[in-house]
Amino acid sequence: MKKARMIVNIAMTVVLLCLMAYTLVGETAHEVLGTVMFILFIIHHILNRKWFGAVTKGRYNAFRVLQTTLVFLMILSVLASMVSGIMLSNKLYTFLPRISGMSIARSVHMVCAYLNFILMSLHLGLHWNAMMSAMIKKRGNGSKVWIWILRIAAFDVSIYGIYAFVKRQIGEYLFLRTHFLFLDPSEPLILFFIDYVAIMGLFVFIGHYLARLLRYVGNNRKTDQMKER
């Protein structure tokens, strides 16, 4: 089950990056990738169905509130992205009847595309500690050195991610300050992916350290409560 989750998560990450390169991969490929992403998203949640069964159980601390909020925001955003994408489809879903509201669908699709990208990156960051722990265990005695190598690399990627976030005008698209996406069709895909991997790394970094902060605060609060008793 863990291996299946890992494979699906990696596939979703790759497809997500390809989806962001809309004009560079072509309209048909974009619609196919969007459909694949939705299928992977469903499989991901089927594999994690036990988590949904426990949503109403147990106590909620700050970390669990953040995690749960992110999950349900992602579900809403992905559904909105899929519905608006089908409405805008010119290739795969042309057999469906056309309805009004295309301009609204275009705006919703753009916002949700970037929102999905950020939310999924943050979500990945929340679970990054578990992934890194598995990698560090394999390093044995060199784990401390490996930890610092990863931290320095993550910091460097995040710094470049800030630059790429501004350069790629992510904020402009996310808040609809710009209503039309522009990507240079002559740009090599590798340069595009370098920037977007860095932006993803930035939000993974934010999610990871935000999770650590919330866990630290939660643990301190438990310690204080134990002392009071």
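Refer to the structure printed above.
Residues numbered from 1 in each chain as written. Predicted model: local features only at pLDDT ≥ 70, side-chain atom pairs only at ≥ 80, totals over all residues. Heavy atoms only, no water.

S.K.: Just checking my understanding: could you explain the environment of Leu66 for this structure?
M.R.: Considering the arrangement of structural elements, one finds Leu66 in helix 5 (residues 62–88). A relative accessible area of 22% places Leu66 in the partly exposed class. Residues Leu66 and Leu126, spaced 60 residues apart in sequence, show a C-alpha to C-alpha distance of 9.2 Å. Excluding residues within four positions of it along the chain, Leu66 makes contact with Leu126, Leu210 and Leu214. (Helix = DSSP H or I, 4+ residues; strand = E, 2+ residues; numbered from the N terminus. Buried < 20%, exposed > 50% of the residue type's maximum accessible area, 1.4 Å probe, protein only. Contact = heavy atoms within 4.5 Å.)

S.K.: Is there a simple way to explain the environment of Leu47 in this structure?
M.R.: Looking at the secondary structure, you find Leu47 in helix 3 (residues 27–47). Classification of Leu47 by relative accessible area gives buried; the value is 17%. A C-alpha to C-alpha distance of 6.7 Å links Leu47 and Arg5, two positions 42 residues apart in sequence.

S.K.: Hey, could you run me through a nonpolar patch on the surface in this one?
M.R.: On the surface, a nonpolar cluster with roughly 490 Å² of combined accessible area is contributed by Tyr160, Tyr163, Ile190, Leu191 and Ile194. Among the elements that make up the nonpolar patch, the one with the highest residue count is helix 10 (residues 189–228) (3 residues). Mapped onto the elements of the fold, Tyr160 is located in helix 8 (residues 143–167). (Patch = residues over 30% accessible without salt bridge, like charges linked within 9 Å, V, L, I, M, F, W, Y side chains within 5 Å. Areas by Shrake-Rupley, 256 points an atom, 1.4 Å probe, with all protein chains shown as cover. Salt bridge = Lys/Arg side-chain N within 4 Å of Asp/Glu carboxyl O.)

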